[in-house]
Amino acid sequence: MKDPQKATTGKGGSAYEGFSEEERAAMKEHAQELKASARRGPRSKVDAEAAVVEKIAEMPDADRVIAERLHALVKASAPELSPKLWYGMPAYAKDGKVVCFIQCAAKFKTRYLTIGFSDSAMLDDGTMWPTVFAVTKLTAAHEKTLSALVKKAVNDNPVA
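Residues numbered from 1 in each chain as written. Predicted model: local features only at pLDDT ≥ 70, side-chain atom pairs only at ≥ 80, totals over all residues. Heavy atoms only, no water.

**Student:** Sorry, what's going on with helix α4 (residues 140-153) here?
**Tutor:** In an α-helix, one turn spans 3.6 residues, which is why side chains three or four residues apart end up on the same side. Under the 1.5 Å per step criterion, the end-to-end length of α4 is 20 Å for 14 residues, consistent within 8% with the ideal 20 Å. Among the structural elements, α3 (61-77), β5 (97-103), β6 (113-117) and β7 (132-135) are those in contact with the buried residues of α4. (Helix = DSSP H or I, 4+ residues; strand = E, 2+ residues; numbered from the N terminus. Expected span 1.5 Å × (residues − 1). Contact = heavy atoms within 4.5 Å.)

Pasting the structure below:
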């Protein structure tokens, strides 16, 4: 993402500080996702799953391979989560709230793919804990850790 302190050029050539092109594109994607979700009706879960699989298939090879494994891991660890697109990213929701998401490195021109957890995930651990993990290689140990985090994310215990 661009440095928010740097001015960018908007319409008409005027300089302003604001959202990057990638951020604006993600917001447009989110608006389209909301419209599509409203139109889908009873087939929404099937259509949403297909949209997530399609979005993963569009990723560059290195990210796609990891994202496919993360998608399978989330589905196996927490089948109650519903796949959906969220700002153009594969995401998984419980009761309509996004719990975790996969961000391709190309999405915001970052160095690596990430898997992130929202505050709905309730990963609270003391007074400070990680919520986004960079993934450059997915080992069995990483899968075990992420599976445990996904399971914890859908735990019904209230946030402490």
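**Student:** What should I look at first to understand the nonpolar core in this one?
**Tutor:** Across soluble globular proteins, nonpolar side chains have a tendency to be buried as a group. Core analysis: the largest hydrophobic core is formed by 29 residues, its most contacted members being Leu70, Leu81, Tyr92 and Phe117. Those elements that provide at least two residues to this core are α2 (44-57), α3, β5, β6 and α4. Considering each element in turn, this core owes the most residues, five residues, to α3. (Core = buried A, V, L, I, M, F, W, Y, C linked by side-chain atoms within 4.5 Å. Buried < 20%, exposed > 50% of the residue type's maximum accessible area, 1.4 Å probe, protein only.)

**Student:** Just checking my understanding: could you explain α3 for this structure?
**Tutor:** Helix length check: α3 (17 residues) gives 24 Å between terminal C-alpha atoms against 24 Å at 1.5 Å per residue, within 8%. Those residues of α3 lying buried are Asp63, Ile66, Ala67, Leu70, His71, Leu73, Val74 and Ser77. The buried side chains of α3 occupy one side of the element, clustering within an arc of 165° when seen end-on. Turned more than 90 degrees away from the buried face of α3, the exposed residues are Asp61 and Ala76. (Arc of directions from axis to C-beta.)

**Student:** Would you take a moment to explain the pairing of strand β4 (residues 89-94) for this structure?
**Tutor:** Two faces make up the sheet, and in a regular strand the side chains alternate between them. Within β4, five of the six residues are buried, leaving the element largely enclosed by the surrounding structure. In the sheet, strand β3 (residues 82-86) pairs with β4 via five bridges, with the strands oriented antiparallel. If you follow Pro83 over to β4, its bridge partner there is Tyr92. Counted between consecutive antiparallel strands, the loop separating β3 from β4 contains two residues, among which Tyr87 sits at a positive phi close to 55°. Where β4 lies against β5, four bridges are found, and the strand directions are antiparallel. For Ala93, the partnering residue across the bridge sits in β5 and is Val98. (Pairing = 2+ DSSP bridges.)

**Student:** Even after reading the chapter, I still don't get the environment of Thr136, so can you show me in this structure?
**Tutor:** Within the fold, Thr136 resides in the loop between β7 and α4. Spatially, the C-alpha atom of Thr136 lies 8.2 Å from that of Asp63, the residues being 73 residues apart in sequence. Leaving out residues up to four positions away in the same chain, Thr136 has contacts with Ile66 and Tyr112.

**Student:** Would you mind showing me how to read the environment of Trp86 here?
**Tutor:** Within the secondary structure, Trp86 is located in strand β3. For Trp86, a relative accessible area of 22% puts it in the partly exposed group. Residues Trp86 and Glu29, spaced 57 residues apart in sequence, show a C-alpha to C-alpha distance of 8.1 Å.

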